[in-house]
Structures are given as structure tokens and as C-alpha cells.
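A structural walkthrough
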Amino acid sequence: MTAESLLPFYGYVGTAASAAIAAAVLASLHRSRQRPWLRSWSWSWLFLTFHSLLSAAAYIAARTGVGAQPRVALASLAAIAGFAQLVFLLSGAREAATGMLFPRARLAPVLAAASVVAILMALPGSSDPSAAFLRYTLRFGVRSLTAGVVFLVAALIVWRGLGAAPSLGRSLVTGSLAVTGVHYLHYLVVGVGGFASGTRSPLLTLLSSVDVLLAVVTVLGIVILLLEAERNAAVAAAAQLEHMAGHDALTGLPNRLMLLERTAQALRRASRDRRSVAVLSLDIDAFKLLNDSLGHGLGDELLRSVGTRLKGAVRETDTVARLSGDEFGLLLEVRDAEEAEVVVEKLRAAARRPFVLHGREIHVTMSGGLAISPRHAETPEALLAAADIASARAREDGRDTVRTFDSSMNEAARKTVALEGAIRKALVDGELRLCYQPLVSVATGRIEGFEALLRWESAELGNVPPSDFIHLAEANGLIVPIGRWALRSACAQAREWQKAGTPARVSVNLSAREFRQPDLYLTVRNTLSETGLPAQLLDLEITERVAMESPDVSQFVLRELRSLGVSISIDDFGTGYSSLAYLRSFPIDTLKIDGSFIQAMVGDPQSAAIVRSVIDLAHHLKLGTVAEGVETEEQAAVLRRASCDRIQGYLISRPLPAPEATRLLREDHRAARAAAGSVA
Ligand code: C2E
Ligand code: CA
Ligand code: CA
């Protein structure tokens with residue numbers, strides 16, 4: 001063999017060496033990066049290595065007169081390896097483009113079919129040298145053609161799959177794949193041309209060294225591609241982190257932090273353009289109840305839907321944030337307060353359209369507070385705080401209301417905070433007292449009992465009426481110790497009256513929170529036994545609303561209390577929503593008709609009719625009746641005609657400090673005795 005005839009052999013070996021290095025690099029990249037396409041391509045280049053080595057061996061075998069069988073075997077193995085190289089190249093290209101593993105089961109049939117073709121091509125034909133030449137040309141042609149086409153297709157798949165973002169790695173990889181494809185086709189033209197003319201073109205040898213170069217460029221491109229992907233992932237992760245810091249995980253909306261940040265930016269813009277920034281705080285009315293009844297999964301979904309709905313109702317440049325629970329915060333850039341109010345109306349209308357979640361229709365109303373710069377505040381925090389204060393006010397007014405902040409609210413909010421601190425001290429410092437307001441029998445005019453009413457004489461704040469502090473004490477839980485104190489004082493007072501021979505029943509108010517204390521029964525029982533007051537001399541008042549909040553629980557608690565021997569009154573009757581028929585099942589003794597009806601009665605025939613029918617029905621149910629807030633003789637006369645049992649109000653007496661109440665009671669007894677004496 002001449003040195004020149006060995007040139008193709010060296011070409012094959014060179015290609016094999018470069019392919020082996022490429023395969024090794026890809027395999028090691030795959031080990032650290034775990035990308036399916038790296039593994040497929042490392043197989044591809046490994047098969048190219050085999051293909052080239054086997055082709056080199058087949059070439060030598062053909063030149064050195066080795067027998068036909070080993071030659072056929074070598075040639076078919078080389079062809080099989082060549083096809084395998086292309087199959088793995090294509091599947092790897094798919095994997096690179098889609099990011100998903102190419103199903104291995106789909107590879108096997110393709111590989112099998114390619115192997116059959118490869119073996120058929122390698123089978124020796126007749127000994128006619130021209131036929132042998134034809135076979136050789138065919139084998140060479142098929143290999144170059146398929147390789148050329150496959151590399152071009154692979155380049156196209158990778159190019160399209162890796163997206164539009166400019167990337168050096170993508171250009172290098174697809175470029176080198178495409179050039180490799182063209183290179184194979186060029187190889188085909190030069191090679192087949194050479195076979196036809198019977199001479200081997202020296203270009204062929206040169207071309208095989210291009211293989212090495214292309215392998216280097218491809219691998220280089222892959223490395224760059226990976227580095228770029230990693231950098232992109234790091235950038236995306238950083239962006240994600242930043243997003244998380246400024247956004248709420250449940251709804252994906254900006255959070256409080258982001259809202260404040262954007263408000264700060266908007267305030268800068270607004271002062272420059274002489275415009276306004278409005279901050280709106282919006283809550284879903286009774287969300288806690290909704291959430292409990294829907295189940296939390298659906299509750300979360302409702303929050304997301306409300307967020308989306310609100311976002312849809314404002315401009316792209318406005319911000320809808322989720323601040324906490326069911327509290328949303330909105331930043332609106334507006335011309336003036338009027339424009340802000342228009343947007344608020346739009347938002348509330350949007351929230352009122354029913355939400356459909358899992359086939360359920362859910363109706364929602366929202367309440368909140370609005371604050372506008374620069375009138376109400378000029379910093380983001382102060383604006384949001386003002387909106388919160390206005391929102392708290394709106395909640396007090398009932399559902400489906402939005403209030404605009406005004407400075408009197410600030411005053412009120414400051415007072416509330418001061419008041420809360422002071423209530424804590426009141427109990428400890430003994431600033432609380434009870435006053436007693438008599439309940440008088442309409443039939444006899446005699447005192448039948450007293451209602452104990454709290455009075456707070458604060459050293460700092462002066463006399464604070466219960467309407468100003470009971471709901472605060474209720475909200476912060478202090479009502480529980482305050483209520484225990486009131487119960488004990490009232491029982492002790494009634495016990496004194498009893499001991500003095502002037503027994504009178506005392507009525508004690510129980511707030512919602514006290515009524516729901518699990519140890520209420522024990523508290524009442526112990527208080528009675530410790531003060532020595534017979535249970536018949538204690539009456540407990542709960543309002544109609546509290547009794548109706550969870551009727552089953554109420555009935556149970558009331559039955560327990562009544563088993564002690566105390567009586568139960570339903571307070572403020574008529575202001576709730578219960579029907580008398582429903583109350584029938586409640587273990588109660590007395591209805592106290594709310595003062596608002598009594599005061600409306602004179603001059604309003606309808607109120608008078610209501611009061612009359614309530615009294616009739618109550619008697620029918622064997623319940624006693626008390627009219628509250630009786631202020632005039634006229635009212636008393638109407639009540640007498642309606643056969644009301646007892647009256648209570650300024651007409652008889654204001655709530656009195658204990659010594660005065662005691663004096664009144666003593667007089668009442670003396671008068672009764674005198675009347676009895678005169679009769680006798
Ligand atoms: P309430 O239980 O409905 O008490 C009756 C209220 O009507 C009392 O107000 C009483 O002073 C007032 N009143 C009495 N007669 C008249 C009248 O002729 N005209 C008018 N306009 N009002 C009259 P007060 O003492 O300010 O108590 C307000 C509310 O505070 C009470 O309403 C009750 O719900 C609550 N409260 C008072 N003391 C206690 C207590 O010890 N514990 C609890 N939980 N709540 C209490
Ligand atoms: Ca009462
Ligand atoms: Ca009342």
C-alpha cells in the first residue's frame with residue numbers, strides 16, 4: 001500500500017479521534033448538567049467514532065485482500081453505526097428544542113430498520129468489478145446523502161426550538177450542524193464525481209479534515225449554549241425572587257411593600273403634574289363567614305377572582321395589591337377626588353357582579369376607605385393609614401359602604417387607641433360602677449327589679465358612656481373580666497336588698513362575647529353561691545341578635561343557665577331579624593321591646609300596632625313584656641292599654657347609683673306597706 005492510498009484511512013481515524021473527544025466532552029457535560037439532549041448527542045458522536053473506526057478498518061481490509069465475510073461484517077457494522085449516529089443526532093435535536101426526553105421506544109424500530117438497510121447495502125454482489133464499484137458508490141452515496149439531510153434537519157429543529165432570543169451558542173450550534181450537513185452533501189458530489197471518473201479526488205482527503213474542525217465548533221457552541229442557559233436561569237431566578245418580595249403568593253398581586261413603593265413613585269409624579277394619588281383599602285364584607293361556609297380552597301379562589309375582577313376595573317397603570325386576608329389595597333392616579341370616587345363606584349359595581357366558582361354563584365359586597373393626596377396625607381404610609389381608618393369607619397356603618405377619610409376620623413382613631421389603654425386601667429383602678437334603673441309593674445306601679453348598667457368615671461376622660469366603650473371592650477376581650485365584675489357587683493347588691501327585707505330582682509346584661517364564654521354557666525353558678533343570692537333574683541339579658549347568631553348554641557346555653565333558676569330576658573327586641581314564632585323554641589322568660597319602638601309609638605300608628613302585636617304574641621307564648629325607654633306619660637298610657645307588663649325608662653327614673661336605688665326601693669316597699677295597711 002502506498003502512502004497516498006493510506007490517506008483515506010488517516011481521514012477516517014482523524015474523524016474518529018475528534019468524534020471521540022466530542023463524545024467524551026458531551027458525556028461529561030451531561031453528567032454535570034443532566035440534559036437529555038447532551039446524552040443523545042454524546043451517543044451520536046460515539047457512534048460516529050465507531051462508524052469512522054469501522055470504516056477505516058473496512059478500508060484497510062478492502063486494500064489488503066481480507067476475505068469477503070469479515071469485510072461485509074465490517075462494512076455493515078460501519079453502516080449501522082453511521083445510521084445510529086444520525087438517529088441519535090435527530091432525537092437529541094428534538095430534545096434540545098422541546099426540553100423533553102425523546103421516547104426511547106420510538107428509537108428502537110428506526111435503528112432496526114436502518115440496520116437492515118445497512119446490512120443489505122454491505123452484502124457482496126457478483127465479482128464483476130463494475131458492479132462492486134457501483135455498490136461502493138451506492139453505499140458512500142446513501143451515507144453522505146442521509147447524513148447531509150439529517151444534519152440540515154437537526155440544525156433546523158434546534159434553530160426553531162431554541163427560540164428567538166439572540167444567542168451565540170444557538171448560532172454556533174445550528175451553524176456548525178448546518179455546515180456539517182452541507183459538508184456531507186459536498187462530500188457526496190466530490191466523491192461520486194471521483195468514482196465516476198475513476199480517480200479519487202485529493203479534495204476528499206482534505207474534506208475529511210473539515211470534520212475535525214466542525215466537531216470542535218459544534219462542541220464549543222454547545223458549551224456556550226449551556227453557559228448562556230445557566231446565566232438566563234440565574235437572571236430568571238433573581239427576577240422571581242424580586243417578584244416574590246413584592247408580591248402576594250396566593251393572588252400574584254403586589255403586596256403591601258410594593259403598594260407603598262409604587263405609591264411613593266406615584267406621589268412624586270403627582271406633585272410634578274399637579275395631580276392626585278388615591279389610596280383605597282377594600283375588604284370583602286363578612287369574608288370570614290363566607291370563607292368558613294365555602295371551605296378554604298374555594299375561599300382562596302374567591303380571593304383570586306376578586307383580585308382579578310378589581311384589576312379589570314382599573315387602568316393598567318393603577319395598582320391592585322393584596323394587603324392581608326381579605327384586604328385589598330388600590331393605588332389610583334387621578335385628577336381629583338371626584339375622579340377617585342367614580343373609580344370607587346366602578347370597583348364596587350364590579351365586585352357586586354356574582355362570582356361563579358365551581359358552578360356556585362357567590363355574591364360579594366365590599367367596604368372600604370379612601371384617602372387622597374395631598375389633602376389627607378402626603379406620604380405612602382400615611383395615605384394607607386388614612387384609608388385604613390376610613391375603612392374601619394365604613395365597616396361600622398354596615399356592609400357595602402366606602403367612606404372617604406376626613407380629619408375628624410383621625411381624632412376618633414386616636415381616641416379609640418387612648419380609650420383602649422384606659423379601659424384596661426379602669427378595671428384595675430376601680431373606675432367602673434354600676435347604676436340601677438328600676439323596672440316598674442304597669443298594673444301595680446311597684447318596682448319589680450332593677451337593670452344594672454355600667455358606668456365608667458374615668459379620671460382622664462371623665463364619664464364615658466357604655467355606648468363608647470362596651471364595643472371596644474368587646475373587641476379586645478376585656479368585656480369578659482368587666483362582665484364578671486358587673487355580675488358579681490349586681491348580685492352582691494341584690495343580696496343586700498334581700499337581706500334588708502326589700503328584695504328586688506337584678507337584671508345583668510351579657511354581651512356576645514360573654515355569652516359565648518364556655519365557662520359562663522360556672523361563672524353564674526359560682527357568683528350566685530358566693531354572694532348568696534337566690535337564683536330567682538337574677539335575670540340575664542342577651543340581645544336578640546346575639547341569641548340568633550347561632551340559635552342552636554344559644555338554646556343550649558340558655559337552657560343550662562335557666563336550669564340554675566335564673567330568668568332570661570331578650571334585650572332590644574325588634575332590632576334583630578327573628579320572628580316571634582321562632583323564639584317560641586327558646587327557653588326565655590321576658591321580651592324587652594326596644595326603646596326605639598316605644599318612642600316612635602306616639603304619632604306613628606304603625607309602631608303602636610307593632611308594639612301591641614308583639615305584646616299579644618308574647619303573652620300568647622307565656623312571655624313577660626318590658627317596654628324600654630319609656631319617657632312620657634303618653635307612651636305609658638298606650639302601653640297600659642296594650643297590657644304591657646313592665647316599663648323602664650326616664651319617666652320612672654334614670655339609672656341611679658346604688659344608694660339612691662336602694663332609697664327608691666325602700667320607699668317603694670314603705671308605700672306598698674302603707675297602701676296594704678290603709679286597705680286593712
Ligand atoms: P341596654 O341594655 O338596652 O340598656 C338600656 C339603655 O337605655 C341604657 O343605656 C339606659 O340608660 C338607656 N335608657 C333607659 N331609659 C331610657 C329612656 O327613657 N330613654 C332613653 N333614650 N334611654 C334610656 P346605657 O346605660 O347607656 O347602656 C347602653 C348599653 O350598654 C346597654 O343597652 C347595654 O347594651 C350596654 N351595657 C350597659 N351596661 C352593661 C353591662 O354591664 N354589661 C354589658 N355587657 N353591657 C352593658
Ligand atoms: Ca339591657
Ligand atoms: Ca335594651
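Each remark here, short or long, concerns the structure printed above.
One structure accompanies this document, and this report is about it.

Calculation criteria
Residues numbered from 1 in each chain as written. Chains lettered and ligands numbered in written order. Predicted model: local features only at pLDDT ≥ 70, side-chain atom pairs only at ≥ 80, totals over all residues. Heavy atoms only, no water. Donors = N, O, S within 2.8 Å, 3.2 Å for Na, K, Ca; no water. Helix = DSSP H or I, 4+ residues; strand = E, 2+ residues; numbered from the N terminus. Buried < 20%, exposed > 50% of the residue type's maximum accessible area, 1.4 Å probe, protein only. Axes fitted to C-alpha atoms, helices over the stretch in contact; angles between N-to-C directions. Left-handed = near helix turned anticlockwise from the far one by under 90°. Contact = heavy atoms within 4.5 Å. Nonpolar A, V, L, I, M, F, W, Y, C, P; charged D, E, K, R; others polar. Phe/Tyr/Trp six-rings, centres within 6.5 Å; stacked < 30°, edge-to-face > 60°. Lys NZ or Arg CZ within 6 Å of the ring centre and 35° of its normal. Near = heavy atom within 4 Å. Polar contact = N/O pair within 3.5 Å; in protein donor to acceptor, adjacent residues only side chain to side chain. Areas by Shrake-Rupley, 256 points an atom, 1.4 Å probe, with all protein chains shown as cover.

With that out of the way, let us pick up the coordination of the calcium ion (ligand 2). Protein-derived ligands of the calcium ion (ligand 2) are Glu451 (OE), Asn509 (OD1), Glu541 (OE) and Asp571 (OD), with the metal-ligand distances lying across 2.1 to 2.3 Å. For the calcium ion (ligand 2), all donor residues lie on one chain, and their spacing in sequence is E-x57-N-x31-E-x29-D. Between the two metal centres, the calcium ion (ligand 2) and the calcium ion (ligand 3), the spacing is 4.0 Å, with Asp571 acting as a shared donor. With Glu451 in strand S9 (residues 447–458) and Asn509 in strand S11 (residues 505–509), the pair connects residues that are 58 residues apart, well separated along the chain.

We now examine the coordination of the calcium ion (ligand 3). Those donors, Asp571 (OD), Asp572 (OD), Glu628 (OE) and Glu628 (OE), are the protein atoms that reach the calcium ion (ligand 3), and they lie 2.2 to 2.5 Å from it. In the primary structure, the donors to the calcium ion (ligand 3) are separated according to the pattern D-D-x55-E. Judged by relative accessible area, Glu628 falls into the buried class, the value being 11%.

The next subject is the packing of helix H15 (residues 479–499) against helix H17 (residues 520–531). Across the interface, H15 lies against H17 with an axial gap of 9 Å and an inter-helix angle of 35 degrees. Crossing of H15 against H17: the hand is right-handed. Contact with H15, carried on its side by Arg484, Leu487, Arg488, Cys491, Ala492 and Arg495, involves Thr523, Val524, Thr527, Leu528, Glu530 and Thr531 of H17 and no other residues of that element. Each residue belonging to the contact of H15 with H17 can be placed in one class, and the counts come to five nonpolar, three polar and four charged.

This part is about the packing of aromatic side chains. Overall, the coordinates contain twelve aromatic pairs when judged by the stated rule. Their ring planes at 35 degrees and their centres at 4.8 Å tell us that Phe450 and Trp497 sit as a pair that is tilted. Taken as a pair, Phe450 in strand S9 and Trp497 in helix H15 lie far apart in primary sequence, 47 residues in all. A relative accessible area of 0% means that Phe450 is categorised as buried. Classification of Trp497 by relative accessible area gives buried; the value is 1%. Within the aromatic cluster, the residues linked to one another by ring pairs are Trp43, Phe47, Phe50 and Phe88. Across the ring face of Trp159, the terminal group of Arg170 is positioned such that the distance to the ring centre comes to 3.6 Å.

For the rest of this paragraph, the subject is the site of ligand 1. The full set close to ligand 1 counts 21 residues, and Gln437, Arg455, Asp571, Glu631 and Tyr650 are the nearest of them. Measuring from a nitrogen atom of ligand 1, one finds a backbone N or O atom of Leu454 at 3.0 Å. In isolation ligand 1 has 800 Å² of accessible area, and contact with the protein removes 79% of it. Per-element accounting of the shell around ligand 1 gives the leading share, four residues, to S9. Taken together, the residues of the shell around ligand 1 break down into eight nonpolar, six polar and seven charged.

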